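Chain residues, written in single-letter form:
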Amino acid sequence: MTSSSAPEPTHEPTGPISGADAPISGAPTAGQSTGQPAGAPLPSVLAEVVRSGFVEGVHRGSLVVLAADGSVDLALGDISSPVFPRSTNKPMQAAAILRAGLDLSGERLALAAASHSGESFHLDLVQKMLAEHGLSPEQLQTPPDLPLDPAEAESYLAAGKVRDRLTMNCSGKHTAMLAVCATNGWPLESYLDQHHPLQQLVLQAVRDASGEAVDHIGTDGCGAPLMALSLTGLARSYRHFVLAEPGTPERRVADAMRAHPEYVAGTRRPDTWLMRELPGVLSKMGAEAVQALALPDGRALAFKIDDGATRTLGPVLARTLRLMGVDAPVLDRIADVPLLGGAERVGEIRAASF
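Residues numbered from 1 in each chain as written. Predicted model: local features only at pLDDT ≥ 70, side-chain atom pairs only at ≥ 80, totals over all residues. Heavy atoms only, no water.

Asks: Which parts of the structure should I look at to understand the overall build of the protein?
Replies: If you tally the helices and strands in the protein, you get 12 helices and 10 strands. Carbon and sulfur atoms form 51% of the exposed surface of the protein, whose accessible area is close to 14,000 Å². (Helix = DSSP H or I, 4+ residues; strand = E, 2+ residues; numbered from the N terminus. Areas by Shrake-Rupley, 256 points an atom, 1.4 Å probe, with all protein chains shown as cover.)

Asks: Can you help me understand the packing of helix α1 (residues 90-99) against helix α7 (residues 231-243) in this one?
Replies: Geometrically, a packed helix pair is captured by the angle between its two axes and the distance between the axes. With their axes 10 Å apart at the nearest point, α1 and α7 run at an angle of 50° to one another. By the angle between their directions, the pair α1 and α7 is classed as oblique. Between α1 and α7 lies a crossing whose hand is left-handed. Contact residues: P91, M92 and A95 in α1; L234, S237, Y238 and F241 in α7. Considering only residue class, the contact of α1 with α7 consists of six nonpolar, one polar and no charged. (Axes fitted to C-alpha atoms, helices over the stretch in contact; angles between N-to-C directions. Parallel < 35°, antiparallel > 145°, perpendicular 65-115°, else oblique. Left-handed = near helix turned anticlockwise from the far one by under 90°. Contact = heavy atoms within 4.5 Å. Nonpolar A, V, L, I, M, F, W, Y, C, P; charged D, E, K, R; others polar.)

Asks: Sorry if this is basic, but what is going on with helix α3 (residues 120-132) here?
Replies: Each full turn of the α-helix corresponds to 3.6 residues, which orients residues three or four apart in the same direction. Between the first and last C-alpha of α3 there are 18 Å, a value that for 13 residues agrees with the 18 Å anticipated at 1.5 Å per step. On its buried face, α3 is in contact with α2 (106-112), α5 (171-184) and α9 (261-264). Among the residues trailing α3, G134 stands out with phi positive, at a value near 70°. (Expected span 1.5 Å × (residues − 1).)

Asks: Explain the nonpolar core to me, please; I cannot follow it from the model alone.
Replies: Grouped burial of nonpolar side chains is what soluble globular proteins tend to show. Ranked by size, the top nonpolar core spans 69 residues in total, and within it L104, F241, V253 and L282 carry the most contacts. Excluding anything up to four places from it in sequence, L104 contacts L98, L109, A112, M129, A176 and R252. Counting 35 residues, the second-largest nonpolar core is a separate cluster that includes L74, L278, L293 and F354. (Core = buried A, V, L, I, M, F, W, Y, C linked by side-chain atoms within 4.5 Å. Buried < 20%, exposed > 50% of the residue type's maximum accessible area, 1.4 Å probe, protein only.)

Asks: Is there a simple way to think about the environment of A335 in this case?
Replies: Looking at the secondary structure, you find A335 in helix α12 (residues 329-335). Excluding anything up to four places from it in sequence, A335 contacts G314, P315, A318 and I349.

Asks: I tried to follow the side chain of T167 on my own but got confused; where do I start?
Replies: Positionally, T167 belongs in the loop between α4 (150-158) and α5. Setting aside residues up to four positions removed in sequence, T167 forms contacts with H116, L123, D145, L146, P147 and Y156.

Asks: Which parts of the structure should I look at to understand the packing of α7 against helix α8 (residues 249-259)?
Replies: Put simply, α7 and α8 touch, their axes get as near as 7 Å, and they point 90° apart. Judged by the inter-axis angle, α7 sits roughly perpendicular to α8. For the pair formed by α7 and α8, the contact residues are H240, F241 and V242 on the first element and E250, R251, V253, A254 and R258 on the second. Looking at the contact of α7 with α8 residue by residue, the classes come out as four nonpolar, one polar and three charged.

As structure tokens, this is what we get:
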């Protein structure tokens, strides 16, 4: 591949963190712009909406592929300006929790890096982890929500249940955050404040993995601080995790996610399918249509669809992996996103020919 440039599905608002007396060093002050810089490459068409043989719309975005040595192998759109990685930041957050001294492994560590679907095995383990550390669901500061998986949400509502903090897809991460605070004697009530010792460790973990300064900090949908990175920095982070030395926090997180992908996502989720069927792959999606992935040899990718349409993730990811030389049946599975008309298939969301 040669370099070129061309002209998830949750309620996750962005915005400044409230209650902070001063920004973290390196974050912009009031009045500073964090938008796309003048002269930056324009977003590329990454996906097309095809209905009845007619292209009725397109989705634009930016995408980067890194070669095994970390150099940029493919660039579409703006791969240098900061974006909010959303839940693709979760491996870095989990690594910070390990750095802070919480001894997690296996399914528990995978759940700490998860955007879980709200299936029964997810919720059971969250409750078990809370109990193991003397915590209660009421201490979670996740917003009350339904299960992320639509089928699970339907069953949940049919059973007469209501939105709950524990059911929100980030409850595993928040449980691990509370647990490490309890372990260290850190304040529990302010564990989401950007100045909290844990969040300072998260900031450092993001900087270390990406090799970038963090120029903007916002608030993710779950309430946690959200560190902005370029797509290049995000891809570099995933490369860092798969190539980290065994036993390091980064490698422990990557190994747990790859060994227990159903806890990272769910039984009906593309990240699970990819990590289950492509040995050594580390994959994680984020809200507003962000995706990051690394292959075990250090090649990596990251992209963001500008309009936040998560329906594009599978087709664009499958197309990119094929360009990287990956060939497996799971790519056909994640690439298939049908459009319906009168309850019949009449079209599809497909990757553009980039």
